[in-house]
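Chain by chain, the residues run as shown.
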Amino acid sequence: MTSNLLTAAAASFGLAAASFMAWLVRYDERWRARGAWATFLGTLLLLGATVVELLVAVTPALPLGPRVLLLLIFGVCAVFLTSRLRRDLPLAGPVVAPLAASITFALAVKATRGSLPDSTTLMGAVTALHIGATLLGFLLFAPAYVFSVLFLDQEYRLRTKTRGSALLPSLLGSEQLAWRLVFVGFPLYSVGVLLGFVWQERAGPVSGWRPEHFLAAVSWGLYAYLTARRLRTGWRGRRAALVMQVAFVVTLAAVLLYVMR
Amino acid sequence: MRLFVFGMSHRSAPVSLRESFAVAPDEMPDVLRALVGEPGISEAMLLSTCNRVEAYVVPDEEGQAREALTRVLGTRRGLDLRAVEAATYASSGREAVHHLLRVASSLDSMVVGEPQILGQVKEAAHAARSAGTVGPLLGRLLDRTFATAKSVRTRTGIGEHVVSIGSVAVDLARRIFKDLEDSRVLLVGAGKMGEATARSLKSAGAERVYVANRSYERAVKLAEKHGWRARALTELEELFAEVDIVITSTGATRPIVDAALVRRVIPRRKYRPLFIVDIAVPRDVAPEVGDIDTIYLYNVDDLEGVSRDAMMRREKEAAAAEALVRDELETLERWYTELAVQPTLAAIRQRAQGLAHAEVERTLSKRLAHLTEADRDAVTRMTEALVAKLLHPTMTALRSHASDAAATELLAIARLLHGVDEDHREEDA
């Protein structure tokens, strides 16, 4: 039951994230409204999953840590939706929905497959390097994601000719910081992902194919695309920031799945 | 007061509409002459800036004037002003004078307190005077308008901490670029607003300013004045690839920058953001340019929203300025009302002085013929002074009651008592 509700919620948040992204590309308010409705639906499903998991289920599908995460993401979505009734924060939706999609997807996978046998001790140093480099890369991508959100906020204000905020860094400032972090984080993340595939190749039948591996490959592909296009043509701007956001939430899902295995 | 204003401004119409009715400086004399050539309009002035297109006329009859203005201004470009009536405004008499005073005093400006508008009204007045369309009434109103605007600037703080288009542009540029030290500015056109904006960006730290103008000589002249660099307008695409901020303020009637040009330069710019401030009316940059990623296009209307905060901060000063404008409006109204009694006053004075002179001449030629020239002058001056003093209460009473309901009756009594003939009744009317 929980896994079904979480899967439906993840799909709904995914739809919301796509709608918000479409809005940020075209600034067509209809996409923003669709995003808000999809977020509302996702939050309802998340509420259902939370009720089932905490109050109804005799044997909860999620261990304590993921359950706390479930409560947390439900709280964030609920706050987002109620705050929309009082004050419109345009960039809140495009931040909340992808993060909710990422976390809910990880929780749905966790609820479906249960706990996996610990295999991280199999390769010793390679595993340590794999985990260390991936996490370090991820830790650099996280602030890059924050700067890309700030970039999009400033860009939205400039594009819609609304007042600026003294707290917001300049468009170019936040963009440059985001890119620098990606430039440093990407080689580390590449090493981490590569070692992960080496590890999987050697471990073979022990680990098998898992969603986190697929997500890691996708996120690496997205960061590779970003870095290559940036270095080759100097590509940047709103669309580049959106790709950076997608890359981060995919990475987040992969990391969460790995941590919750 | 016989003044009629008709037009559209940033308050009533978007720039896309205003630009259709803008009057270029070289068109001004013809349009002005066409206006005074219309029946019912005796004096005219046109004010065409990036924020407003207004016609000030002295009409014989208000309805006729409006019809004539709609016809002359609308038919210039084959447009029907009646179709966009909601975007226009008109007022007459006291309201029209009040509007003129507020406009020149920068109280109706997009950026309240900005100094350029007074210069623009002066230029409009100069153009109208050169075209011979300013008569005694509009001339006097304009003189008082300039004095009021000057008084507003010197006696209130409205001009202090002014958020000009230049400073708004600097604020916006800082929201895009980390700092302006490495930024290059391109000024397209040699308009005064553009020049002021470029100066603001330069003083905020912009590394270099280029000037490109249709007339290269004018670009060179402007560039030399400020230590900038002149470039040919044919290099526009090259320059767009190079600079970070573009200010356009040409008098072109069609956009000189289109989306295709901007799209071509984006890869050459390596997707560096480009901030474009289009303060020209009609606009120099096609509106689609603003939809392109990494391009930030602001026109004069867009700048209004950004400057609204500063406008609120200056509300107190604006209130003081409004009071000054109202005082001046009262003074002008008194002057205009007194204008109606002037013929009677002049006739009474003329008759009394004429009689006195005749009596003095008769006496001096007979009984006082022995007097020296100096003594004769003294007697003449004494008589003139005596007449003036005797008439003073009458003159003051007529002036001070000129706006009263009983003014007509009072004038008739004065004419009767002073033996002024009926011809002056018509002049008064």
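Definitions and limits used
Residues numbered from 1 in each chain as written. Chains lettered and ligands numbered in written order. Predicted model: local features only at pLDDT ≥ 70, side-chain atom pairs only at ≥ 80, totals over all residues. Heavy atoms only, no water. Domains from an automatic or database assignment. Contact = heavy atoms within 4.5 Å. Buried area = accessible area lost by both parts, 1.4 Å probe. Salt bridge = Lys/Arg side-chain N within 4 Å of Asp/Glu carboxyl O. Polar contact = N/O pair within 3.5 Å; in protein donor to acceptor, adjacent residues only side chain to side chain. Buried < 20%, exposed > 50% of the residue type's maximum accessible area, 1.4 Å probe, protein only. Helix = DSSP H or I, 4+ residues; strand = E, 2+ residues; numbered from the N terminus. Pairing = 2+ DSSP bridges. Right-handed = clockwise from strand over helix to strand, strands pointing away. Patch = residues over 30% accessible without salt bridge, like charges linked within 9 Å, V, L, I, M, F, W, Y side chains within 5 Å. Areas by Shrake-Rupley, 256 points an atom, 1.4 Å probe, with all protein chains shown as cover. Axes fitted to C-alpha atoms, helices over the stretch in contact; angles between N-to-C directions. Core = buried A, V, L, I, M, F, W, Y, C linked by side-chain atoms within 4.5 Å.

A. Spatial organisation of the domain arrangement of chain A. Residues and elements named next belong to chain A. We note that the domain assignment places domain 1 (2-113) and domain 2 (125-259) within chain A. Between the C-alpha centres of domain 1 and domain 2 the distance comes to 21 Å. At the junction of the two partners, domain 1 supplies 18 residues and domain 2 supplies 22 residues. Sorting the residues of domain 1 by area buried against domain 2 places Tyr27, Leu91 and Arg113 first, and these three jointly supply 30% of that buried surface. Run the count over domain 1 and domain 2 and you get zero salt bridges. The tally of links between domain 1 and domain 2 comes to four residue pairs in polar contact (both at pLDDT 80 or more).

B. Looking closely at the pairing of strand β5 (residues 184-188) of chain B. Residues and elements named next belong to chain B. Burial runs high along β5: four of the five residues are buried. For β5 and strand β6 (residues 208-213), the ladder comprises five bridges, and the chain directions are parallel. Each residue of the ladder has a partner; that of Val188, found in β6, is Ala212. One crossover worth recording links β5 to the parallel β6 by way of helix α8 (residues 192-203), and it is right-handed.

C. Looking closely at a nonpolar patch on the surface. Residues and elements named next belong to chain A. A cluster of nonpolar side chains, contributed by Trp37, Phe40, Leu44, Leu47, Val51, Leu54, Leu55, Val56 and Leu71, occupies part of the molecular surface with about 890 Å² of accessible area. For the nonpolar patch, the element with the highest residue contribution is helix α2 (residues 29-56), accounting for eight residues. Mapped onto the fold, Leu55 is located in helix α2. Among the residues examined, Leu55 registers a relative accessible area of 69% and is labelled exposed.

D. Quick look at the sheet that holds strand β4 (residues 89-92) of chain B. Residues and elements named next belong to chain B. Pairing is antiparallel in the open sheet, where four strands are placed in the order β2-β3-β1-β4. On the outer flanks of this sheet lie β2 (41-48) and β4, each paired with one strand and no other. Neighbouring strand axes in the sheet, compared pairwise and without regard to direction, differ in orientation by 15° on average. Docked against the sheet, helix α3 (residues 62-75) engages β1 (4-9), β2, β3 (52-59) and β4, running at close to 40° with respect to β1.

E. Representation of the nonpolar core within the structure. Among the nonpolar cores identified, the biggest contains 85 residues, and Leu6(A), Leu46(A), Leu186(B), Phe240(B), Val262(B), Ile276(B) and Val289(B) are the most heavily contacted of them. For this core, the element with the most residues is helix α8 (residues 238-259) of chain A, which contributes twelve residues. Apart from the residues within four sequence positions on either side, Val289(B) is in contact with Val257(B), Asp258(B), Ala259(B), Val262(B), Ile276(B), Ile295(B) and Leu297(B). Phe4(B), Ala44(B), Ala124(B) and Trp335(B) belong to the second largest nonpolar core, which has 54 residues in total.

F. Spotlight on the domain arrangement of chain B. Splitting chain B by domain gives domain 1 (4-155), domain 2 (165-304) and domain 3 (337-428). Of note, the centres of domain 2 of chain B and domain 3 of chain B, computed from C-alpha atoms alone, are 66 Å apart.

G. A look at the pattern of salt bridges. Summed over the entire model, instances satisfying the criterion amount to 31 salt bridges over all chains. Between Asp153(A) and Arg157(A) there is a salt bridge whose closest N-O contact spans 3.1 Å. Remark: Arg157(A) and Asp153(A) occur in helix α5 (residues 125-159); sequence separation between them is four residues, near one turn of the helix. On the basis of relative accessibility, which here comes to 23%, the residue Arg157(A) falls in the partly exposed class. The salt bridge partner of Glu328(B) is Arg144(B), with a shortest N-O separation of 2.8 Å. Placement of Glu328(B) in helix α13 (residues 315-365) and of Arg144(B) in helix α6 (residues 136-155) is noted, with a sequence separation of 184 residues between them. Owing to a relative accessible area of 28%, Arg144(B) belongs among the partly exposed residues under this scheme. When salt bridges that share partners are traced, they join Arg11(B), Arg52(B), Glu54(B), Arg102(B), Asp108(B) and Glu322(B) into one network.

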